[in-house]
Amino acid sequence: MIGILFATEREALPFLGLVGGEKREDTPFLAYAFRIPGRRSWLDGIVVITGIGPDAAGSATTHLLANYRVRLVVNAGICGALSNPPEVGEIVRIGEARLCTDIDAPEEHMVQALAAAPASLWPELSACRLVTSPVPVFDPELRTRFAALGDCVDQEGAVVAATCREQDVPCHLLKGVS
């Protein structure tokens, strides 16, 4: 089974429209089960809406891994560009993700969550370095400081990757740049 995590239902709706996800009522998180026919068998999956922010993403990822037999996790959604590239509108794969644990001193408070993700999946997508922030990053000074540490920023990706790593479950991050 594959687990796909989105921060918001709005981010998930295009994907759910393609796979016809069926809403689950037996979970504390908004979740949809889906089944896609493959060449040899069906691909079963679950989409979980984490909510925004590191704490919500950590809780939802922990729930996903504890309650479903997930063999692969994909965190998909939106990130903000910190540098150029990536271009706004581009879909990127995250090759490195870091969690900022203190926005007052981000350079000293970064936790490596995902290092050198393989390019074997989605090789046509540009690889970017992601910084996961505990807060939205609208302050120009903070954006500049984060740009020295990564190419794009979100509020969930590094936590999802770290939680999967702790449970020894492969994780890939795909982000649309806004």
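Residues numbered from 1 in each chain as written. Predicted model: local features only at pLDDT ≥ 70, side-chain atom pairs only at ≥ 80, totals over all residues. Heavy atoms only, no water.

Draft legend 1. Examining the nonpolar core more closely. The biggest cluster of nonpolar side chains holds 33 residues, and the ones touching the most others in it are Val 48, Leu 64, Val 73, Ile 94 and Leu 173. Elements with a minimum of two residues in this core: strand E4 (42–49), helix H2 (54–67), strand E5 (72–81), strand E6 (91–100), strand E7 (110–114), strand E8 (126–132), helix H4 (157–166) and strand E10 (171–177). When residues in this core are grouped by element, the largest group, six residues, is from H4. Counting 14 residues, the second-largest nonpolar core is a separate cluster that includes Tyr 32, Val 47, Ala 76 and Leu 174. (Core = buried A, V, L, I, M, F, W, Y, C linked by side-chain atoms within 4.5 Å. Buried < 20%, exposed > 50% of the residue type's maximum accessible area, 1.4 Å probe, protein only. Helix = DSSP H or I, 4+ residues; strand = E, 2+ residues; numbered from the N terminus.)

Draft legend 2. Molecular detail of the pattern of salt bridges. The full count for this structure, using the stated rule, is six salt bridges. The salt bridge partner of Arg 98 is Glu 96, with a shortest N-O separation of 3.3 Å. Arg 98 gets classed as partly exposed once you look at its relative accessible area, which sits at 23%. The salt bridge involving Arg 129 is made with Asp 151; its shortest N-O contact spans 3.2 Å. (Salt bridge = Lys/Arg side-chain N within 4 Å of Asp/Glu carboxyl O.)

Draft legend 3. Just H4, in detail. Most of H4 is tucked away, with eight of its ten residues classed as buried. Within the sequence span of H4, burial applies to Gly 157, Ala 158, Val 159, Val 160, Ala 161, Ala 162, Thr 163 and Cys 164. Positive backbone phi, approximately 60°, marks Asp 168, located one or two places after H4.

Draft legend 4. Main features of the pairing of strand E3 (residues 31–37). Note: strand E2 (residues 22–24) against E3, three bridges, orientation antiparallel. Looking across to E3, one finds that Arg 24 is bridged to Ala 31. Connecting the antiparallel pair E2 and E3 is a turn made up of six residues. Where E3 and E4 come together, seven bridges link them in antiparallel fashion. Bridge pairing in E4 places Ala 31 opposite Val 48. (Pairing = 2+ DSSP bridges.)

Draft legend 5. Highlighting the side chain of Thr 27. In this structure, Thr 27 sits in the loop between E2 and E3. With residues up to four places along the chain from it excluded, the contact list for Thr 27 reads His 63 and Tyr 68. (Contact = heavy atoms within 4.5 Å.)

Draft legend 6. Geometry of the packing of aromatic side chains. Within the structure shown, the criterion is met by two aromatic pairs. When the ring of Phe 6 is compared with that of Phe 15, the centres are 6.2 Å apart and the planes differ by 40°; the resulting orientation is tilted. Among the residues examined, Phe 6 registers a relative accessible area of 6% and is labelled buried. For the pair Phe 15 and Phe 34, a centre-to-centre distance of 5.5 Å together with 85° between the ring planes defines the contact as edge-to-face. Placement of the pair is Phe 15 in helix H1 (residues 9–19) and Phe 34 in strand E3, with a sequence separation of 19 residues. A relative accessible area of 5% places Phe 34 in the buried class. Taken together, Phe 6, Phe 15 and Phe 34 form an aromatic cluster joined through their ring pairs. (Phe/Tyr/Trp six-rings, centres within 6.5 Å; stacked < 30°, edge-to-face > 60°.)

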